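Read off the chains here:
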Amino acid sequence: MFVLPEITTGPERHLLEATMDRNRRAVIDTVRGLSETDARARLVTSLTTPIGLVKHAAMAERRWFQLFLLGLPETECDGPTTPGDPSFVVADGETVADVIADFERASARSREIAAGFDLDDTWTHDVLGEVNLRFVYLLLAEDFARHAGHGDILREQLTGR
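Presented here is an overview of the structure given in this document. (Residues numbered from 1 in each chain as written. Predicted model: local features only at pLDDT ≥ 70, side-chain atom pairs only at ≥ 80, totals over all residues. Heavy atoms only, no water.)

### What to know about the nonpolar core
- The biggest cluster of nonpolar side chains holds 37 residues, and the ones touching the most others in it are Phe65, Leu69 and Leu133.
- Of all the secondary-structure elements, those providing two or more residues to this core are α1 (12-29), α3 (50-69), α4 (96-115) and α5 (133-159).
- The leading source of residues in this core is α3, at 10 residues. (Core = buried A, V, L, I, M, F, W, Y, C linked by side-chain atoms within 4.5 Å. Buried < 20%, exposed > 50% of the residue type's maximum accessible area, 1.4 Å probe, protein only. Helix = DSSP H or I, 4+ residues; strand = E, 2+ residues; numbered from the N terminus.)

This is how it looks when you write it as structure tokens:
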């Protein structure tokens, strides 16, 4: 579901953070209000489901902000950091509310971590090379927007609207 931007002017960092939050909200909106059964419906051959998209987004938050920016070992991150197919797997006992709450917690922690860095602070990524916080914001904003679009299509298939 398209969410109009609320913040359209201001300093670069403020706009980047507002865009991140808008796209986080869009990811959540793709699953909010779905039944537990519909949220787990596999309508494509991959492991992508509405609830799985939110689970995957929480992993991305932890992977980039806790593991990469802070340099925490995986065992000290507050949830899974493994990318790929495992990041879309939702346990039988996890509810839509649980997965949304986990993503919201991961997002809040990311905001706290990012607040300690400048946009131009850099880290060395093992594949991408030198990256800065600005890049991380842009990469995740793009990733979340793409996944929200996937979720919109799945939701449309499930609800007919």
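### Quick notes on α5
- If you check α5, its first and last C-alpha atoms are 38 Å apart, about what 27 residues at 1.5 Å a residue would give, namely 39 Å.
- Within α5 the residues assigned to the buried category are Leu133, Val136, Tyr137, Leu140, Ala141, Asp143, Phe144, His147, Ala148, Gly151, Leu154 and Arg155.
- As for α5, its buried residues are in contact with α1, α3, α4, β1 (122-125) and β2 (129-132).
- Between a side-chain oxygen at the N-terminus of α5 and the backbone nitrogen of Arg134 the separation is 3.2 Å; the capping residue is Asn132.
- Gly160 sits one or two positions beyond α5 and adopts a positive phi of about 80°. (Expected span 1.5 Å × (residues − 1). Contact = heavy atoms within 4.5 Å. Polar contact = N/O pair within 3.5 Å; in protein donor to acceptor, adjacent residues only side chain to side chain.)

### What about the side chain of Thr49?
- With respect to the helices and strands, the residue Thr49 is situated in the loop between α2 (36-39) and α3.
- On the basis of relative accessibility, which here comes to 6%, the residue Thr49 falls in the buried class.
- Within the local environment of Thr49, its side chain forms a polar contact with the backbone nitrogen of Gly52, the two atoms lying 2.9 Å apart.
- With residues near it in sequence (within four places) discarded, Thr49 still touches Ala39, Arg40, Ala41, Arg42 and Leu154.

### Description of the pattern of salt bridges
- In this structure the tally under the stated criterion is 15 salt bridges.
- The residue Arg13 makes a salt bridge to Glu17 at a minimum N-O spacing of 2.8 Å. Of this pair, Arg13 and Glu17 are both found in helix α1, 4 residues apart, which corresponds to roughly one turn of the helix.
- Look at the salt bridges and you will find they share partners, linking Asp21, Arg24, Glu61 and Arg111 into a network. (Salt bridge = Lys/Arg side-chain N within 4 Å of Asp/Glu carboxyl O.)

### Some words on the layout of surface pockets
- Its boundaries defined by the atoms lining it, the largest pocket holds a volume of some 150 Å³.
- Lining the largest pocket, in full, are His56, Met59, Ala60, Arg63, Trp64, Pro83, Leu139, Leu140, Glu142, Asp143 and Arg146.
- Elements with a minimum of two residues in the lining of the largest pocket: α3 and α5.
- Among the residues making up the lining of the largest pocket, the classes are represented as 6 nonpolar, 1 polar and 4 charged. (1 Å grid on protein atoms, 1.4 Å probe; cavity = no way out; pocket = protein on both sides within 12 Å on 5 of 7 lines; lining within 4 Å. Points joined across faces, edges and corners; volume = space filled by probe spheres on them. Nonpolar A, V, L, I, M, F, W, Y, C, P; charged D, E, K, R; others polar.)

### Here's the deal with the packing of α1 against α4
- Put simply, α1 and α4 touch, their axes get as near as 11 Å, and they point 170° apart. The angle between the axes of α1 and α4 places the two elements in the roughly antiparallel class. For the pair α1 and α4, contact is made by Arg13, Asp21, Arg24, Val27 and Ile28 and by Ile100, Phe103, Glu104, Ser107, Ser110, Arg111, Ala114 and Ala115, respectively.
- Classifying every residue of the contact of α1 with α4 gives 6 nonpolar, 2 polar and 5 charged. (Axes fitted to C-alpha atoms, helices over the stretch in contact; angles between N-to-C directions. Parallel < 35°, antiparallel > 145°, perpendicular 65-115°, else oblique.)

### Remarks on the packing of aromatic side chains
- With the rule as written, the count across this model stands at 6 aromatic pairs.
- Geometrically, the ring pair formed by Trp64 and Phe135 is edge-to-face, given 6.5 Å between the ring centres and 65° between the ring planes. Highlighted residues: Trp64 in helix α3 and Phe135 in helix α5, separated in sequence by 71 residues.
- By relative accessible area, which is 12% here, Trp64 ends up buried.
- With a relative accessible area of 29%, Phe135 lands in the partly exposed category. (Phe/Tyr/Trp six-rings, centres within 6.5 Å; stacked < 30°, edge-to-face > 60°.)

### Regarding the packing of α3 against α5
- Where α3 meets α5, the closest approach of the two axes is 9 Å, and the angle between their N-to-C directions is 170°. Classified by the angle their axes make, α3 and α5 are roughly antiparallel.
- Considered class by class, the residues forming the contact of α3 with α5 number 16 nonpolar, 4 polar and 2 charged.

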